[in-house]
Amino acid sequence: MSNDEIFFKWSPDYSVNIKAIDDQHQELVNILNRLFVAVSKREGDQAIAGILDALVSYTQTHFALEERLMRQAKYKDLEPHIAEHKKLLEQLDQLAKKHMLEEKPIYFEMLAFLKSWLKVHIQGVDMKYSTALQQAGFSVDAWEREATAEFATMSNSKKWWEVWKAA
Ligand SMILES: [Fe+2]
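Along each chain, residues carry numbers from 1 onward, in the same order as the chain's sequence is written. Given that this is a predicted model, residues contribute local features only at a pLDDT of at least 70 and side-chain atom pairs are listed and counted only at 80 or more, while totals for whole chains, interfaces and linings are drawn from all residues. Hydrogens and waters are ignored; side-chain quantities use all the structure's heavy atoms.

**Q** Summarise the side chain of histidine 25; cite the residues concerned and give the values.
**A** You can see histidine 25 is positioned in helix 1 (residues 19-40). Here a polar contact means two N or O atoms within 3.5 Å. Within protein one must be a hydrogen donor candidate and the other an acceptor candidate, and residues neighboring in sequence count only if both atoms are side-chain atoms. In terms of polar contacts, histidine 25 uses its side chain to reach the side chain of histidine 62, at 3.1 Å. In this text, helices come from DSSP runs of H or I with a minimum length of four residues, and strands from runs of E with a minimum of two, each type numbered from the N-terminal end.

Structure, rendered in structure tokens:
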């Protein structure tokens, strides 16, 4: 994929200064780009559904890890953050239902929505918790070592990468 064809280009401006979280955000961006290619090239419903499944499962895993970090660090705005995560998953579900019920593809609408959601979420509330945790002296390094090992096990069981990297 050449640079001008990339749907969602990662920028250092999106970094929340926690490597494990940045890596996962970049992976979400990668899956969105993969979805964009599949939709643009009309790869077919089965291939697209596989990538969407991967996107949803990776998003759930990522949210769970982020929520655990905030909980462990006793972050005061944990509840509203969880509510944002929950709402996104509901919106995705609604888009999927709309897609199935109306039988007209809404993939581009979905991609545009996800891209803007992710940008706003990362640069807004994700940046906020990251700054707050680091200012409060929470040891992000120790958490990262533990989380990275656990995340590897979680994503192993999901096998999400096989779905979209093989496609
Ligand atoms: Fe988040």
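**Q** Can you tell me about helix 3 (residues 78-102), naming the residues and giving the values?
**A** One fewer than the residue count of a helix, multiplied by 1.5 Å, yields its expected span. Given a rise of 1.5 Å per residue, 25 residues ought to cover 36 Å, and the 36 Å separating the end C-alpha atoms of helix 3 matches this to within 8%. The contact definition used throughout considers only heavy atoms, calling two residues in contact when any of these lie within 4.5 Å. The elements touched by buried residues of helix 3 are helix 2 (45-72) and helix 4 (107-135). In the segment just after helix 3, glutamate 103 is the residue with positive phi, at about 55°.

**Q** I'd like to hear about helix 1, residue by residue, with values.
**A** Here helix 1 contains 22 residues, and its C-alpha end-to-end distance of 31 Å stays within 8% of the 32 Å for a straight helix at 1.5 Å per residue. Counted residue by residue, helix 1 has 16 buried out of 22 residues, so it is predominantly covered. Relative accessible area decides the class of each residue, using a 1.4 Å probe on protein chains only: under 20% of the type maximum gives buried, over 50% gives exposed, and in between gives partly exposed.

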